[in-house]
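Structural description and commentary
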Amino acid sequence: MARQIAFREAIREAMSEEMRRDERVYLMGEEVAEYNGAYKVSQGMLDEFGAKRVIDTPISELGFTAVAVGSAQNGLRPIVEYMTWNFAVLALDQILNTASKMLAMSGGQISCPIVFRGANGSAGQLGAQHSTAFDSYYANIPGLKVVSPSNPYDAKGLLKQAIRYEEDPIVFMESEVMYGEKGEVPEEEYYIPIGKADIKKPGKDVTIVSYNKMMKVALGAAAELEKEGVSAEVIDLRSIRPLDWNTVLESVKKTNRLVIVEEQWPFASVSSELAYRIQKEGFDYLDAPVRRITAADAPLHYAPNLVALALPDVARTVKLVKEVMYTKK
């Protein structure tokens, strides 16, 4: 039985269900308790679980991340919420130099089962310091898994998987502008394995790949192309590391064309890695160069017209698809 719930509710259900199941799981971060979360993701959780398991922290990302990492290494399973991943750069030392490396440095003796989660990327007129997409930053770190869901169903299933089953530290990328968006989520319990992409729309003429909120652009472009007789297969990566490029490759074997849509800056991005993999393993199947549309290679400005120019949109994605289709219109 499915019902329509918001993205924030899906995240809350995932955390609450796992906290009820396992007393080792707890949530900590800025304003997660008394204020019910900066985006109301943790609403009501303090009342249910108490102040020892839903913990308000000082404005000190490095400090509370260190506490969480230490507790994970000693048997607990913390969830750390960052108000935005832009602020989490202050905690990078703990994420990079401790959490991601501890299993290797301890010879496999000490794992770090922890979920780092929060809002990632742009969210309108927030200025350059609050608008960076960090997916490829963290995906570049061995020892971390990076998840970036696009809808409530995937978000809940992937987060439950991360909290319950993963022994590696998980970087869970959400989006401010998606917290209120609704989607169908089953009432029954389910989990989604990390590292498996999902075909959101089957097609035969071109493969469009994206993830997180850029999936709206990818699906919107596919809908426009359908009106002109172009059948686009749309793939949601869901997981950035591990990267399920095999699902993309199998699609390209059928469509012979690939366009990637992402919010990252272009240099050393997710699309860079994916394009390399597909041309290496699927060169003989390509009838056109792999193309991509990314954010502009510059800090995101505050002005709304510049924000619109900097980020991928449906019109430019459609134009790019037509280029790889070698159509003039």
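Placed above this text is the structure.
These notes cover the structure that comes with them.

What counts, and where the lines are drawn
Residues numbered from 1 in each chain as written. Predicted model: local features only at pLDDT ≥ 70, side-chain atom pairs only at ≥ 80, totals over all residues. Heavy atoms only, no water. Helix = DSSP H or I, 4+ residues; strand = E, 2+ residues; numbered from the N terminus. Rg over C-alpha atoms; globule rule 2.2 N^0.38 Å. Contact = heavy atoms within 4.5 Å. Areas by Shrake-Rupley, 256 points an atom, 1.4 Å probe, with all protein chains shown as cover. Lys, Arg positive; Asp, Glu negative; His and termini not counted. Charge placed at Lys NZ, Arg CZ, Asp CG, Glu CD. Buried < 20%, exposed > 50% of the residue type's maximum accessible area, 1.4 Å probe, protein only.

So, the overall build of the protein
The helix and strand tally for the protein stands at 12 helices and 14 strands. Here the protein has a C-alpha radius of gyration of 20 Å; the compact-globule value for 329 residues is 20 Å, and the two agree. When contacts within the protein are restricted to residue pairs at least 6 apart in sequence, those whose partners lie at least 24 apart make up 82%. Here the protein displays about 14,100 Å² of accessible surface, and carbon together with sulfur accounts for 54% of that area. Across the protein, 38 positive and 45 negative side-chain charges occur, with their mean positions spaced 4 Å apart.

Quick word on the environment of Val290
The topology assignment puts Val290 in the loop between helix H10 (270-282) and strand S14 (291-293). C-alpha of Val290 to C-alpha of Ile278: the two residues are 12 residues apart in sequence and 8.3 Å apart in space. Apart from residues lying up to four places away in sequence, Val290 is in contact with Leu258, Ile260 and Ala275.

A closer look at unusual backbone geometry
The bulk of non-glycine residues show a negative phi, and the bulk of peptide bonds are trans. The omega torsion of the bond from Arg241 to Pro242 falls at 5 degrees, within 30 degrees of zero and hence cis. One can find Pro242 in the loop between strand S12 (239-241) and helix H9 (245-255). Of note, the phi angle at Glu31 is positive, near 70 degrees, even though the residue is not glycine. Position of Glu31 relative to the elements: it lies in the loop between strand S2 (25-29) and helix H2 (45-49). On the basis of relative accessibility, which here comes to 36%, the residue Glu31 falls in the partly exposed class. The backbone phi angle of Ala268 is positive, close to 55 degrees, even though this residue is not glycine. Looking at where Ala268 falls in the secondary structure, it is placed in the loop between strand S13 (258-261) and H10.

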